[in-house]
Amino acid sequence: MATRYDPQAAETRWRAAWDAADLFRAKSPAEAGDAPKAYILEMFPYPSGRIHMGHVRNYAMGDVVARYKRANGFNVLHPMGWDAFGMPAENAALQRKVHPGKWTYENIAAMRAQLKKLGLSLDWSREFATCDPEYYGAQQDLFLKMLDKGLVYRKASKVNWDPVDNTVLANEQVVDGRGWRSGAIVEQRELTQWFFRITHYAESLLEEVQKLERWPEKVRTMQANWIGRSEGLQMRFAFSGNTPEGFENGVEIFTTRPDTLFGASFIALSPDHPLTLQLAKDNDALTSFRAECAAVGTSEEAIETAPKLGFDTGLTVRHPFDPGRTLPVWIANFVLMGYGTGAIFGCPAHDQRDIEFARKYGLSVTPVVLPPDADAATFNVEDDAYTGVGTIFNSGFLDGLPIDEAKRQSIAKIESLRLGESKVNYRLRDWGVSRQRYWGCPIPVIHCETCGIVPVPAADLPVRLPDDVTFDTPGNPLERHPTWKHTACPDCNGKARRETDTLDTFVDSSWYYARFASPDDMAERAYWLPVDQYVGGVEHAVLHLLYARFFARAMRDIGELDLPNGEPFAGLFTQGMVTHETYRSAGGDWLEPSDVEQRDGNWIEIATGKPASVGPIEKMSKSKKNTVDPDAIITAFGADTARWFVLSDSPPERDVEWTQSGAEGAARFTQRIWSVFDALPETATGDIGSDAASIALRKASHKAVAAIDKAVNEFRFNSAVASIHEWVAALKKAETGSDDTRGARHEAASMLARCLTPFMPHLAETCWERIGGTGFVSAASWPKPDPALLEDDTVTIAVQVNGKRRGEITVSKTLANDAVEAAAFAQPDVAAFIHGKAVKKTIVVPGRIVNIVVA
Ligand code: ANZ
Ligand code: ZN
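Below, the structure is looked at part by part. Every residue gets a number counted from 1 within its own chain, in the order that chain's sequence is written. A letter from A marks each chain and a number from 1 marks each ligand, given out in the order of writing. Totals for whole chains, interfaces and linings use every residue, but because this is a predicted model, local features are given only for residues with pLDDT of at least 70 and side-chain atom pairs only at 80 or more, for both listing and counting. Based on all heavy atoms of the structure, the side-chain values leave hydrogens and waters out of the count.

Direction vectors running N to C along helix 20 (residues 639-648) and helix 21 (residues 660-678) enclose 120°, while the axes themselves pass 9 Å from each other. Comparing their axes, helix 21 and helix 20 come out oblique. The way helix 20 lies across helix 21 gives a crossing that is right-handed. Between helix 20, through Thr 641, Trp 644 and Phe 645, and helix 21, the contact on the second element is made entirely by Gly 662, Ala 663, Ala 666, Ala 667, Phe 669 and Thr 670. Considering only residue class, the contact of helix 20 with helix 21 consists of 6 nonpolar, 3 polar and no charged. The axes used here are C-alpha line fits, helices contributing only the stretch in contact, and every angle between their N-to-C directions lies in the interval 0 to 180 degrees. The secondary structure listing takes helices from DSSP runs of H or I that are at least 4 residues long and strands from runs of E that are at least 2 residues long, numbered from the N terminus. Angle categories are assigned with fixed cut-offs, so that under 35 degrees is roughly parallel, over 145 is roughly antiparallel, 65 to 115 is roughly perpendicular, and the rest are oblique. A clockwise turn of the near helix away from the far one marks a right-handed crossing, whereas an anticlockwise turn of less than a right angle marks a left-handed crossing. Contacts between residues were defined by any pair of non-hydrogen atoms, one from each residue, lying within 4.5 Å. Residue classes follow a fixed rule: Ala, Val, Leu, Ile, Met, Phe, Trp, Tyr, Cys and Pro count as nonpolar, while Asp, Glu, Lys and Arg count as charged, and any other residue, Gly among them, counts as polar.

In structure tokens:
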């Protein structure tokens, strides 16, 4: 009697059994012996309250790899934790009057329970949240060691300032240029902030990222672009006439186009350049010009797209190659203080920003690069700068040279004139980590009135967040806490105050992988790291991964991590999103998938009976209400179905569209798999048969294992899923055959149960139990395909009649020629064609073709 598989009962039972057996705890290096290690990590979640389908997909993928590696004899570390600091907890505190800590830990409890239901092979013994004082205390220790090494420093930098709430705003709290609570226009203010010296590693970050062969090319390129290496020239332009005080050496500029120096038409300073500030001191017009520039904001994008604004200082400089020529010195809003020297020479003919500026303010435009087929006598630049290749002209000693050679000669000349030298610049900026917020890691320093900045002594770590804080007024709760910040100086015991800034939460996620490996044992960290496979969203392709790569280097250099190349993630996979159709009511409001149904082919809003419309398929998001709740899916179908679906339908790097019918199909497939096992005798009965049907099944099985191996190793889980479908079909077919196939079916089932484990672990256990497998299938070793069974011993050959192809036959490679001939005549299409005709002769080319000649 056929039985049904009950996923809910089976899933609960197996998870309890795995827990009791402590099955997924990573072994210590000593326990592991000769087993190679595999560290599999998915980006840890933010405890927002509930898991979503994106989590299911991310963690299911990591779990496939972890389970596969374990089955292949690896000592696997597959941990889980919580990226638990951040603004949403403070917003919840504000809106719901609940303490951020309470909110966070309650969310963690809820999400942990949800994750556990997915049957992930996680080592929960290593779990932590970044808001645990043990974790952030260790982070404070790292901060101080980095401070000691000069990898952390303080400098003045701009922040978003809300003039009504009198508070610093995070970028996400600025909405359309206004404070999110007050609605006031946000200003830029200078504040002394803490920075990590990420630029110290710019070269290594760029060089090593090219070598990460198991990272997506796209991510490597994004990292490289972010670091942005530029080779150029840094040089001085001496003032002619009036020389401002302190600038006797002239203005220092950085250029990547020293070949265009003869086309220079002006010098432009950043509105924040020291010379600009000096000139603005007694120049009201310049002061208001600076304010006008500041209103555009500080983001590079805003500056790039804003209209060009200029201010003529009246100063002039000398051209280095032509001392008789002078250039005016302007202040321009598109020159950033944070890059190069904060000053440029403008060459309008060959730079788009410069041409816009020159046309607006009537500055000269001299082309110096002649495009390959242009005529020097007539070539002109109007509104579009020419940035392509060509030959230098209008340029004295550089005339006739190609761009690269002109760059070299121009630099050599400037160097010989002692006006500058070649220079490599990086776009990468140091990482500002000060946040004026409560729910973050306190920066462990003390400001003493006499000693200045004093690190908190190691024995006093962690500097804990106070619990009694209020969120009813704007600003930093730590700043206005009545007592927390007041303390005594560790050095002189005098009056001092604590730093009230907390660290950017990206810091928390920059070293958690090392903490998972071991809280404090360097040998264990060295054993586990680097992470062999990291899995996460492509939205982290730049910042998180760059910060983590920085931290790994900094930790190496303070003796906290033994990682010679500084790369924490040897392999990276970025998975696509989970998408869903969107629905709207007749009134245009978003509707949830469960609010609508199809009646006679039309979508109806269930509650009102009115027509609804189907919109585009988009990433599941709360705002569009097109989410499905993993819990609901697990309750309806079981976790294995959810896992199977998110792995099955499209390549892992692409988006997968969640559909109800797809989920139902996955659920049906679990029953189909179960029916194969259900139909088998409980234990192996006798030998594996050598009849054709048994051999065919064995071949199908061994080939399936080989295909799944390849697919999993190449991160093509959808292909593995397809192979399992075919394999199950082959097993189904064998059910109807003779009892001789029992042995082969049993072998196939045993292999199938093991291959199913990474995808549908609960079902796999139930199947394994059904066929009398030893122990847990989650602990069983991966099947090894027999190479002999992977080879094809049949061949497909064409059958021609009078030179024209009429059909094909598949025969054993060793079949005798007369038997091949017989098979050719028996082929139905061939037989029909030659029916009634006289056969004159038949030629068999073994393994290739059968040619029949008829009258
Ligand atoms: C003269 C010139 C002529 C330039 C020309 C370009 C084309 P990358 O490649 O990104 O490093 N620049 C330098 N510092 C700047 C700053 N602080 N703010 C805005 N622009 C700045 O870009 C280097 C080029 O960007 C430099 O080369 C400089 O303009 C400009 F036909 O110098 B160039
Ligand atoms: Zn002191």
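This part takes up the layout of surface pockets. Taking a probe equal in size to a water molecule and rolling it over the atoms shows the remaining empty space. If you add up the space inside the second largest pocket, you get close to 1,500 Å³. Taken together, 48 residues line the second largest pocket, and the ones lying closest to its centre are Tyr 46, His 52, His 55, Glu 539 and Lys 619. Among the elements that make up the lining of the second largest pocket, the one with the highest residue count is helix 3 (residues 53-71) (6 residues). The pocket and cavity definitions rest on a 1 Å grid over protein atoms only: a 1.4 Å probe that fits but cannot leave marks a cavity, an open set with protein on both sides within 12 Å along at least five of seven lines marks a pocket, and residues lining either have an atom within 4 Å of a point. Grid points are joined across faces, edges and corners, and a volume is the space filled by probe spheres set on the points.

Moving on, we come to the site of ligand 1. To be near a molecule or strand, a residue needs just one of its heavy atoms within 4 Å of it. Taken together, the neighbourhood of ligand 1 is formed by 18 residues, with Ser 230, Thr 255, Leu 336, Tyr 339 and Arg 427 sitting nearest. Any pair of nitrogen or oxygen atoms within 3.5 Å is treated as a polar contact; in protein, a donor-acceptor pairing is required on top of that, and neighbouring residues in sequence qualify only through side-chain atoms on both sides. Between ligand 1 and the protein, one listed contact pairs an oxygen atom with a backbone N or O atom of Thr 256 at 3.1 Å. We get accessible surface area from the Shrake-Rupley algorithm with a probe of 1.4 Å; when it comes to residues, only the shown protein chains can shield them. Computed on the free molecule, ligand 1 has an accessible area of 650 Å², of which 88% lies beneath the protein chains in the complex. At the level of secondary structure, the elements contributing two or more residues to the shell around ligand 1 comprise strand 10 (251-255) and strand 14 (343-346).

Examined against the element boundaries, Ile 771 turns out to sit in the loop between helix 25 (761-770) and helix 26 (787-790). Residues Ile 771 and Ser 750, spaced 21 residues apart in sequence, show a C-alpha to C-alpha distance of 7.3 Å.

Nonpolar side chains tend toward joint burial in soluble globular proteins. Here, the term nonpolar core denotes a set of buried Ala, Val, Leu, Ile, Met, Phe, Trp, Tyr and Cys residues that are joined through side-chain atoms within 4.5 Å. The rule is simple: take the accessible area with a 1.4 Å probe, protein chains only, and divide by the maximum for that residue type; under 20% is buried, over 50% is exposed, in between is partly exposed. Residues Tyr 513, Phe 551 and Phe 759 are the most contacted members of the largest nonpolar core, which totals 173 residues. The element best represented in this core is helix 3, accounting for 10 residues. The contacts of Tyr 513, once residues within four sequence positions are left out, are Tyr 39, Leu 41, Leu 529, Val 531, Ala 548, Phe 551, Ala 552, Pro 568 and Phe 569. With 37 residues, the next largest nonpolar core counts Met 235, Phe 239, Ile 392 and Ile 414 among its residues.

What follows deals with the packing of helix 23 (residues 717-735) against helix 24 (residues 742-756). A pair of packed helices is captured by two measures, namely the crossing angle of their axes and the spacing between those axes. Contact geometry of helix 23 with helix 24 gives a least axis separation of 11 Å together with a crossing angle of 155°. When the axis of helix 23 is compared with that of helix 24, the two are roughly antiparallel. In the crossing of helix 23 with helix 24, the sense of the turn from one axis to the other is left-handed. Taking contact as the criterion, the partners of Ile 724, Trp 727, Val 728, Leu 731, Ala 734 and Glu 735 in helix 23 are, on helix 24, Arg 745, Ala 748, Met 751, Leu 752, Cys 755 and Leu 756. Of the residues assigned to the contact of helix 23 with helix 24, the class counts are 10 nonpolar, no polar and 2 charged.

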